[in-house]
Each structure stands twice: as C-alpha cells, then as structure tokens.
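# Report on the structure
What follows is the residue order along each chain.
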Amino acid sequence: MPQGTYAQAVAVEEPHLALLPAAVPLDTAGGLPLVGLTAWQALMAGQPVEGQRVLVFAASGGVGHMAVQLAKALGLFTVGVAGPKNTAWVKDQLGADEVVDYTTSDFAALYAPPDKHFDIVVDCLAITPERLGKITSVLKSSGHYSHIMNTGSNPSLLDQMQTAHKEGKGPGASLTLVKPNGRQLEQLFAMWEAGQVKLEVAQVFPLAEVADAHKQVETGHTRGKVVLAIPH
C-alpha cells in the first residue's frame, strides 16, 4: 500500500489483523492500532522489567498517552513530560507516577541524581545534539532510548548512539516505525477491555476534511488521537 493514503477498503495480510471485540467502539478501533502498536513496540525495544523507570516525552499526545498507560500496566515507574494544560490529566487520568511541565521545569535538572535516572526513554519529539545530550544525561548507561520516527528524526544521531553502545559506551538506541502485528493488537484490545488502557479520541473528522485533521495534528498540541471517519 502506498504511504500516506486513505481509502474505504484495502487489502492486507491476515497476520496484520485482529478480531475486534464487540465492546470496542469504532473510533477506538480506528485510532488504537497506530498509536497503541507504536507505543508498545517502542517500550518493548527497551526490554522492560517490572519496577524499572521510564520517561515518556509528549505524554499527552497520541503515542505518548498510550506509552504512559502501557508502561504502568507493565509495572514501570512512569514519568511523563507534557504541557501545563495536560500535566494533571497525564497524572490523574493516565496514571503517571510523576509529570514534568516542560514550560516551567527542566527534566534534566530534576532527574540529574543517579538514583533518579531512567531505564527506558520513549521519545516522539525532534532530536538535536543538545536535546539528546540532556536525555542521555538522565538515562542509565545500561538503559535504552526508543525514538519514534517523525519529521524531526535524526538517524545520524541514533547511529552514533548505536555505534557507541556496541563499543560498550552508553545506552542502547532504536528507531521505531510501527509494524502491523495482529497478535500485539489482540493484546491491546484485551487490555482495553480489562480497563488497563483507554484511547483519548481528540476529534473525529470526516474523510472529506482530512486536510483539517492533518492541520490539527501539525499544531503539536493534540491531546490523544485524531481519527478519520471513513464512509462505507
């Protein structure tokens, strides 16, 4: 399937599919796979162990809000970074143990003490050498940096991290570009039914207004997931 398209129907491979439980509403069914699988695969790249510490950037966004909930479901101590309008929501509704307001606090300063360093970082934001340096300053040398592919991704910086890690110098790193996976999707739906995760649907746009949907996402301040309603 060509990248960046929308359609009423598409042919897919059977292993990519999961049976939709009757209780799952259509907007959740439409929005959960992309952000849920992305968050799950990013977390799993770090080989999480119950009790470990994870830092999630853009914790109120589509992938971020799922990563927070999945991390908690896995028994991880979870810290989210979000804006002032969403800090209370990330803590009270998503269950984060701690939340950092990026407009008033510097995460690198808050978590500088070694006993506060993280085992896993999940990051959906653009990376620069300066920002990555701050992230690695609070990431354990045995830890893992999971970067979600986006327009601000810098593969060369990740390559440098991966090379250094292979040489025994610093944490591991991976670039997550979601892969369809029916079994993982079944797990996510089961977790939704069990109340362990929920999808925040920010807005549902009809297919004819797909340009407006993209404009909303491009603001960078969407809480949860934007969903398209496809006519059938």
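A brief report on the enclosed structure follows. As the structure is a prediction and not an experimental result, all values here were calculated from the model. Per chain, residue numbering runs from 1 following the sequence as it is written. Note on the predicted model: pLDDT of at least 70 is required for a residue's local features to be given, and 80 or more for side-chain atom pairs to be given and counted; whole-chain, interface and lining totals, by contrast, use all residues. Each side-chain value is worked out from all heavy atoms of the structure, with water and hydrogens disregarded.

A pair of strands counts as paired when DSSP detects no fewer than two bridges linking them. Put simply, DSSP marks the helices as runs of H or I at least four residues long and the strands as runs of E at least two long, and each gets a number from the N terminus on. With parallel pairing, six strands are arranged side by side in an open sheet as β3-β2-β1-β4-β5-β6. The open sheet has two free edges, formed respectively by β3 (98–101) and β6 (172–176), since each of these has just one partner strand. Averaged over all neighbouring strand pairs, the angle between strand axes comes to 15°, with direction disregarded. Relative to β6, strand β5 (residues 139–148) runs parallel, the two sharing five bridges. Residue pairing across strands places H147 opposite L175, the latter belonging to β6. The contact criterion used is simple: two residues touch if any of their non-hydrogen atoms lie within 4.5 Å. Between the N-to-C directions of two axes lies an angle of 0 to 180 degrees, each axis being a line fitted to C-alpha atoms and, for a helix, fitted only over the stretch in contact. Where helix α1 (residues 26–45) meets the sheet, its contacts fall on β1 (53–56), β4 (118–123), β5 and β6, and the angle it forms with β5 comes to roughly 155°. Together, β5 and β6 form the strand contacts of helix α6 (residues 155–166), whose direction differs from that of β6 by roughly 145°.

This part takes up a nonpolar patch on the surface. Patch members must show over 30% relative accessible area and no salt bridge, and they are joined within 9 Å when carrying like charges or within 5 Å when they are nonpolar side chains of Val, Leu, Ile, Met, Phe, Trp or Tyr. Surface accessibility follows the Shrake-Rupley procedure with a 1.4 Å probe radius. Residue values consider only the protein chains on display as shielding. The term salt bridge refers to a side-chain nitrogen of Lys or Arg lying within 4 Å of a carboxyl oxygen of Asp or Glu. Together, V10, V12 and L17 give the surface a local cluster of nonpolar side chains, amounting to about 270 Å² of exposed area. On the secondary structure map, V10 appears in the segment before α1. The exposure class of V10 is partly exposed, given its relative accessible area of 48%. Any residue under 20% of the maximum accessible area for its type is buried, any over 50% is exposed, and the rest in between are partly exposed; the area is computed with a 1.4 Å probe on protein chains only.

Okay, the packing of α1 against helix α2 (residues 62–73) next. The N-to-C vectors of α1 and α2 enclose an angle of 55°; their axes lie 8 Å apart at closest approach. Here α1 lies oblique to α2, going by the angle between them. With respect to the hand of their crossing, α1 and α2 are arranged in right-handed fashion. Packed against α1, whose contacting residues are L32, V35, G36, T38, A39, W40 and L43, the element α2 presents G62, V63, M66, A67, L70 and A71 at the interface. Its residues assigned to classes, the contact of α1 with α2 comprises ten nonpolar, three polar and no charged. Any angle between 65 and 115 degrees counts as roughly perpendicular, while under 35 counts as roughly parallel, over 145 as roughly antiparallel, and the rest as oblique. Each crossing is labelled by how the near helix is turned from the far one, with a counterclockwise turn of less than a right angle marking it left-handed and a clockwise turn marking it right-handed. Asp, Glu, Lys and Arg are counted as charged, while Ala, Val, Leu, Ile, Met, Phe, Trp, Tyr, Cys and Pro are counted as nonpolar; the rest, among them Gly, fall into the polar class.

What follows concerns α2. One full turn of an α-helix is made of 3.6 residues, so residues set three or four places apart face in the same direction. A helix's residues, less one, multiplied by 1.5 Å, set its expected span. Taking 1.5 Å of rise per residue, twelve residues should cover 16 Å, and α2 covers 17 Å from first to last C-alpha, within 8% of that figure. Of all twelve residues in α2, ten are buried, a share of seventy percent or more. For α2, the complete set of buried residues consists of G62, V63, G64, H65, M66, A67, V68, Q69, L70 and A71. Directly beyond the C-terminal end of α2, a positive phi value near 85° is found at G75.

This paragraph deals with the environment of A7. In this structure, A7 sits in the segment before α1. A7 gets classed as partly exposed once you look at its relative accessible area, which sits at 40%. Put simply, A7 and P231 are 224 residues apart on the chain and 9.4 Å apart in space, counted from C-alpha to C-alpha.

Attention shifts here to the side chain of S146. Mapped onto the elements of the fold, S146 is located in strand β5. With a relative accessible area of 0%, S146 lands in the buried category. By the criterion applied in these results, polar contacts are pairs of N or O atoms within 3.5 Å in which, for protein atoms, one can donate a hydrogen and the other can accept it, and in which residues neighboring in sequence qualify only through two side-chain atoms. Polar side-chain contacts of S146 include one of 2.6 Å to the backbone oxygen of A42. Beyond its immediate stretch of four places on either side in the chain, S146 contacts A42, A45, G46, V121, V122, D123 and S174.

Just distances and angles here, no functional claims.
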